[in-house]
Amino acid sequence: VLFWNFGGLGIKEIMSNNPVIRYKLVTQNYESFGGMTWKIGVTNEAKEKGNTLCTNQVLHCYTNQYLAVLLNPIHANIKNPRLIEIECDTIIADDQLKQGCKKQQMIQELPLPVLTLDQKIEFAIRIARLQFKEKSFVIWANNWLNNIDRTSAAAYAARAAAYAAANAANAAAYAAARAAANAA
């Protein structure tokens, strides 16, 4: 396991009612998504009522530096980001990828973690394995994670088997829906 425990935090951390240390990516000008500016010692606040992530109701953050970097492409997608350590008030939103709170204060800038291709692949495989249970995929994933077989041939075989299983499931669902429609 390359870094799956993320310093012992795991993918999900219990929500806290105390100020907690979290992480955030900002631009080279210390702005977060939406243009909020960050300075050491200054508290930023989401003033809108509510606790919905991906809105102006909360300020988002990550439980660790690795998640911030790994999820940047599908979240804020900040080009050439800086990593800042922040102190957050009560965590009021958590989707297991990012969290949200009403107030955050920048503590310091940290070096941006550099992740290897293997670490990124490991993260993707572990996330996919949480949802996708098709037997050939699970075998391939476990073999890759355990460094037993990381060949492209094994990956292509797992992909082909997964594709065939998905097509079979689609065909069965279509046939069942058609039969139900014909019976009506």
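Look above for the structure.
Please read all numbers here as calculations on a predicted model, not as lab measurements. (Residues numbered from 1 in each chain as written. Predicted model: local features only at pLDDT ≥ 70, side-chain atom pairs only at ≥ 80, totals over all residues. Heavy atoms only, no water.)

There is about 380 Å³ of room inside the largest pocket. If you go around the largest pocket, you meet 16 residues; those closest to its centre are Phe33, Cys54, Thr55, Val58 and His60. Tallied by class, residues from the lining of the largest pocket come to seven nonpolar, six polar and three charged. By volume, the second largest pocket amounts to about 180 Å³. Around the second largest pocket, the lining residues are Val69, Leu70, Asn72, Pro73, Pro81, Leu112, Pro113, Val114, Leu115 and Lys120. Of the residues contributing to the lining of the second largest pocket, the split by class is eight nonpolar, one polar and one charged. (1 Å grid on protein atoms, 1.4 Å probe; cavity = no way out; pocket = protein on both sides within 12 Å on 5 of 7 lines; lining within 4 Å. Points joined across faces, edges and corners; volume = space filled by probe spheres on them. Nonpolar A, V, L, I, M, F, W, Y, C, P; charged D, E, K, R; others polar.)

What follows deals with empty space enclosed by the protein. Inspection of every chain in the model, using the stated rule, returns two cavities of 30 Å³ or more. The volume enclosed by the second largest cavity comes to roughly 40 Å³. Taken together, Leu25, His60, Tyr62, Ala68, Asn72, His75, Ala76 and Ile78 make up the lining of the second largest cavity. Looking at side-chain class alone, the lining of the second largest cavity contains five nonpolar, three polar and no charged residues.

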